[in-house]
Every structure is written in structure tokens, then in C-alpha cells.
Amino acid sequence: MSEERQIQLEVLRYNPETDLEPRFQTYSVPCVNEWVVLDALNYVKENLDPTLSYRWSCHMAVCGSCGYMINGEPKLGCKAFIHEYGDHIRVEPLAHFPIERDLVTVVEDFITKFASVKPYLIPKEDKPISAGEFKQTPAQLMKFKQYTLCINCMLCYAACPQYGLVPEFLGPAAISMAHRYNQDSRDGGRDQRQEVIAAHEGVWECSFVGACSEVCPKHVDPAGALQQVKVASTIDWYKEHLMPWSKK
Amino acid sequence: MSSKPYIREVSKTSWFLSQPRYKRYMAREVTCIFIFAYTFLLIFALGSLANGPDAFQEFLSALRSPWGVLFNLAVLVAAVYHSISWFSVTPQAMPIQRGEEFVPGNLIVNAHYGAWAVVSLVVLILGV
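Please read these numbers as outputs of a predicted model, since none were measured by experiment.

Trainee: Would you mind going over the overall build of chain A with me for this structure?
Mentor: Check the secondary structure of chain A and you find nine helices and seven strands. The principal-axis extents of the C-alpha atoms in chain A amount to approximately 70 × 40 × 30 Å. By the burial criterion, 51% of the 248 residues in chain A qualify as buried. Taking all contacts inside chain A whose residues are at least 6 apart in sequence as the whole, residues at least 24 apart take part in 63%. Counting every atom, chain A has about 11900 Å² of accessible surface; 55% of that belongs to carbon and sulfur. With 25 positive and 32 negative side-chain charges, chain A shows a separation of 9 Å between the mean positions of the two kinds.

Set out below in C-alpha cells:
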């Protein structure tokens, strides 16, 4: 039988219609050790307080919906096991995002930035479907495979102090995804993406704190991607200024 | 979407106190100040060299004073910490792919330590 434990779940609440500022509300939740924090939130919603608002969907670290600050650390609610915590767990909305209601944040800024890097394949040349597929070797795939694992959970934005201080910063996930397509042998859209990611509010706002990679639940290593973008952008600059005759 | 989402302000002056990883980052960044200061020392050394052997001798004896030794020790500690913290992240910034595999990160880090040792040895031999 699974061991049961009484957990004090402290949740940040905010109702935009009645509250001027957020406040903490504590629920006493009987938790099974195999549970994750998301299970505890579901218990509250189903048994104690149906007004609690939070996002979640797949419960298996694929959809990227259930990112919260758990004891001050950006985590997926579905990957934060109760047995890793004491009897008191504090859950807050992801840092650096405005609070919509309770644990639900306003994510439009992230979505706009993500779309701005054209996170899709831009083929080098158009070819008819009858000409067959774009082929790729396993080695060419390995060059960017790690970056395809991003689930857009935004934990990296909540961990990044630079995004908190400079909200214009394009941020870790968006730049990593641009890097993913730039590294793809089938893609020809690098010049279009560089205009956005090599700008001042792009990769140069990053000071390599490295927090994004530490909290990433899928081991994408956005910090690594950003440093590689810096190296590539620097090479571009030197090529442009020292070898104007060479094509980028 | 609600009409008034709540915005949590981030403190411009004390944000780095909120997490140990931010403090580690700031420690790495602070080491730059020591390295910056040391570049001034080198410029000052060149200046005194230009002013003749007496001025340079005076500069050298100032370096041997307790304050001079203390300053150099502080810079050495900061520079070592700075180098170690950057070496440890080189595999992220400069991954090397061989076929379908990536060269293990510790190999890249160790190569940096090796290069550091060789350069230090050369400087030591030139200095003796």
C-alpha cells in the first residue's frame, strides 16, 4: 500500500475581478507519495475548492501546460513528485509572467516572440511533391535533435533573470527553436531568423546565467543553443566587415 | 483575457539574492572587476617602464609590498574561479560533433585545462 501523507499546499490565489493583489491560501491535502504536485492541485479542485484555476493537460511532461513555481523553482507540476518535498509545498504561477488568475499566467508575450523566429522549415528551394522528400542523414539529424524536444513549457523564461529584468528579451526557448531550424540541413531560412535573433533584444541580451538549462524538463539546453548562436552571429559580423566580398 | 492581469515587479537591485544559482552567476561576473583592475596594473607597469629603470624598480618594490602581494593573490583567486567557471560551460558553447555522436563534454573541458597548463608552463619558463 502507498504511504499517505498530509501536505500543507500553499497556493497563490488571484482573482482579477475582486483582488487588488495576490494572496496565499493553504489547503491540507492527503497525498500519496507517488503523487506529483499536479495531483495535489487536482485533489484541491475536486474536493476542497472548485474555484482554483490552473493549466494542465497531459500529466506526462509532453504538453508543457503545467509549469508553476514550486517552492520557488520553475517546475512542471506533473514532474514534481511529492516525495521530493517536505510537508509544506508552496505553488505560485510561473515567475516573470503577468498573473491572469490564480496559477494561470498571461503567455501572449512568449507566443508572439516564439512566432517571430519563424519556427518552421523554410526550404532552400521550392520543389514539387513529385520530386520526393527532403532527405537527411542521421548525423545531420543529430545536429539539432536535442532542440526539437522543447515542449514550450516556459520554465526557461521563469528561470531567466534577464527576461525578468528586460522583458523585451526574446528569451531562451524562442532562440533555441530558431537555432534548431538554422541547424537543419533542409532549411534555408537562417538569414530571415538572424534579423530577429541576432538583434540587441535577441541573443545579445543573454548573459549566460545558465538557469534556463538547469530547469529545462526536457534537457534541451537552451543556454548552450544561445551561446552557439552568439558564436555564429559573431562570425557573421566578422565576415561582413572584414570580408565584404564573401557571401554570408 | 482579464482586464487587469497582476504584474509582479522584479527588484532591479536584489534579484540575484533569490536563488543560489543567481548568486553563483554573480560571483562569476564579479571576478571580471578583479581582472579589469589587473589590466590597469599592467598599463601602470608599462608607464613606469617608460619612465626609466628607477621608476620601474619602484613599481616592482611596490608590487612586493604586503598590499601588492594581497592584490595579486585576490586577482589570482578571482581569475582561477573565472576560468574554471567558463571552462565548465565550454561543451555547451562549443559542442563538437563526430559523425552521429558528440565528443564527450569532459574531454572538451579537460582540453582547456591542458591548454591552460601548457600556456602557464611556457610563461613560467619565459619568466625564469
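Trainee: In this structure, what is going on with the overall build of chain B? I would like to understand it.
Mentor: Counting its secondary structure elements, chain B contains five helices and two strands. For chain B, the α and β elements follow one another from N to C terminus as α-α-α-α-β-β-α. Relative to its length of 128 residues, chain B is extended, with a C-alpha radius of gyration of 22 Å against a globular reference of 14 Å. Its C-alpha atoms give chain B principal-axis dimensions of about 75 × 50 × 25 Å. Counting all 128 residues of chain B, 19% fall into the buried class. Taking all contacts inside chain B whose residues are at least 6 apart in sequence as the whole, residues at least 24 apart take part in 44%. Charge-centre separation for chain B: the mean point of 9 positive side chains lies 15 Å from the mean point of 6 negative side chains.

Trainee: When you look at the packing of helix α6 (residues 172-182) of chain A against helix α7 (residues 190-197) of chain A in this model, what are you seeing that I'm missing?
Mentor: For any two helices packed against each other, one specifies the crossing angle of their axes together with the interaxial distance. All names here are of chain A. At a closest axis distance of 10 Å, the pairing of α6 and α7 adopts a crossing angle of 160 degrees. Between α6 and α7, the angle is such that the two are roughly antiparallel. Crossing handedness for the pair α6 and α7: left-handed. On α7, the residues touching I175, A178, Y181 and N182 of α6 are R190, R193, Q194 and I197. For the contact of α6 with α7, the residue count by class is four nonpolar, two polar and two charged.

Trainee: Help me out: how do you make sense of the pairing of strand β4 (residues 73-76) of chain A in this one?
Mentor: Consecutive side chains of a regular strand alternate in pointing toward one face of the sheet and then the other. Residue and element names in this part refer to chain A. Residues of β4 alternate between two faces, with P74 and L76 buried on one and E73 and K75 left unburied on the opposite face. Relative to β4, strand β3 (residues 67-70) runs antiparallel, the two sharing four bridges. Bridging across to β4, M69 finds its partner in P74. Where β3 hands over to β4, the hairpin turn is made up of two residues, of which N71 adopts a positive phi near 50 degrees.

Trainee: I would appreciate a short explanation of the domain arrangement of chain B in the present structure.
Mentor: A common measure of how large an interface is: the accessible area buried when the components associate. Residues and elements named next belong to chain B. Along its sequence, chain B is organised into domain 1 (17-88) and domain 2 (93-128). Put simply, the middle of domain 1 and the middle of domain 2, counted by C-alpha atoms, are 23 Å apart. With five residues of domain 1 at the contact, the number on the domain 2 side is four residues. When domain 1 packs against domain 2, the two sides together hide about 430 Å² of surface, and 81% of this comes from carbon and sulfur. Of all residues in domain 1, V80, I84 and F87 bury the most surface against domain 2, accounting for 86% of the area lost on that side. Summed over the shared surface of domain 1 and domain 2, the number is zero salt bridges. At the boundary of domain 1 and domain 2, one finds zero residue pairs in polar contact (both at pLDDT 80 or more). Considering only residue class, the side of domain 1 that touches domain 2 consists of three nonpolar, two polar and no charged.

Trainee: Explain the interface of chain A and chain B to me, please; I cannot follow it from the model alone.
Mentor: Chain A puts 42 residues into the contact, and the matching count from chain B is 26 residues. The contact between chain A and chain B buries some 2700 Å² in all, and 55% of this surface belongs to carbon and sulfur atoms. Taken together, chain A and chain B are joined by three salt bridges. One salt bridge connects A:E214 with B:R24, and the closest N-O pair in it is separated by 3.7 Å. Across the contact surface, chain A and chain B share 18 residue pairs in polar contact (both at pLDDT 80 or more). When residues of the side of chain A that touches chain B are traced back to their parent elements, those giving at least two are β6 (99-101), α3 (138-142), α4 (155-159), α5 (161-165), α8 (211-215) and α9 (222-242) of chain A. Residue contributions to the side of chain A that touches chain B peak at five residues, all from α9(A). Of the residues that constitute the side of chain A that touches chain B, the class distribution is 25 nonpolar, nine polar and eight charged.

Trainee: How do you make sense of the confidence of the model for chain B when you look at a structure like this?
Mentor: A low pLDDT score tells you not to read the predicted coordinates there in detail. Of all residues in chain B, 98% attain a pLDDT of 70 or more, and the chain-wide mean is 94. Across the interface, the model reports ipTM at 0.87; the global pTM reads 0.92.

Criteria and thresholds
Counting restarts for each chain: residues are numbered from 1 in the order of the written sequence. Each chain gets a letter, beginning with A, and each ligand a number, beginning with 1, in the order they are written. pLDDT decides what is reported in this predicted model: residues at 70 or higher carry local features, side-chain atom pairs at 80 or more are listed and counted, and totals for whole chains, interfaces and linings draw on all residues regardless. Calculation of side-chain values draws on the structure's entire complement of heavy atoms; hydrogens and water are dropped beforehand. Under the scheme used here, helices are H or I runs from DSSP no shorter than 4 residues and strands are E runs no shorter than 2 residues, and both carry numbers assigned from the N terminus. Categorising residues by exposure relies on relative accessible area from a 1.4 Å probe, with only protein chains included: less than 20% of the type maximum marks a residue as buried, more than 50% marks it as exposed, and the intermediate range marks it as partly exposed. The contact rule is simple, with two residues in contact once any of their heavy atoms fall within 4.5 Å. A 1.4 Å probe and the Shrake-Rupley method give the accessible areas. Residues count as covered only by the protein chains that appear here. Residues scored as positive are Lys and Arg, those scored as negative are Asp and Glu, and His as well as the terminal groups of each chain are ignored. By convention, the point assigned to a charge is CZ for Arg, NZ for Lys, CD for Glu and CG for Asp. Our radius of gyration is a C-alpha quantity, and the globule rule it is checked against amounts to 2.2 Å times the number of residues to the power 0.38. What counts as an axis is a line fitted to C-alpha atoms, over the stretch in contact for a helix, and the angles between N-to-C directions run from 0 to 180 degrees. If an angle is under 35 degrees, it is roughly parallel; if it is over 145, roughly antiparallel; if it lies from 65 to 115, roughly perpendicular; otherwise it is oblique. The sense of a crossing depends on the near helix, which, turned anticlockwise from the far helix by less than a right angle, makes the crossing left-handed and, turned clockwise, makes it right-handed. Polar here means any residue other than Ala, Val, Leu, Ile, Met, Phe, Trp, Tyr, Cys and Pro, which are nonpolar, and Asp, Glu, Lys and Arg, which are charged; Gly is therefore polar. When DSSP finds two or more bridges between a pair of strands, those strands are recorded as paired. As used throughout, domain bounds are those supplied by an automatic or database domain assignment. Buried area: the accessible surface (1.4 Å probe) lost by two parts on joining, summed over both. Between Lys or Arg on one side and Asp or Glu on the other, a salt bridge is scored when a side-chain nitrogen of the former is within 4 Å of a carboxyl oxygen of the latter. Throughout this description, a polar contact denotes any pair of N or O atoms lying within 3.5 Å of each other; where both atoms belong to protein, one of them has to be capable of donating a hydrogen while the other can accept it, and for residues adjacent in sequence the pair is counted only when both atoms sit in side chains. The predictor reports its confidence for every residue as pLDDT, a score running from 0 up to 100.

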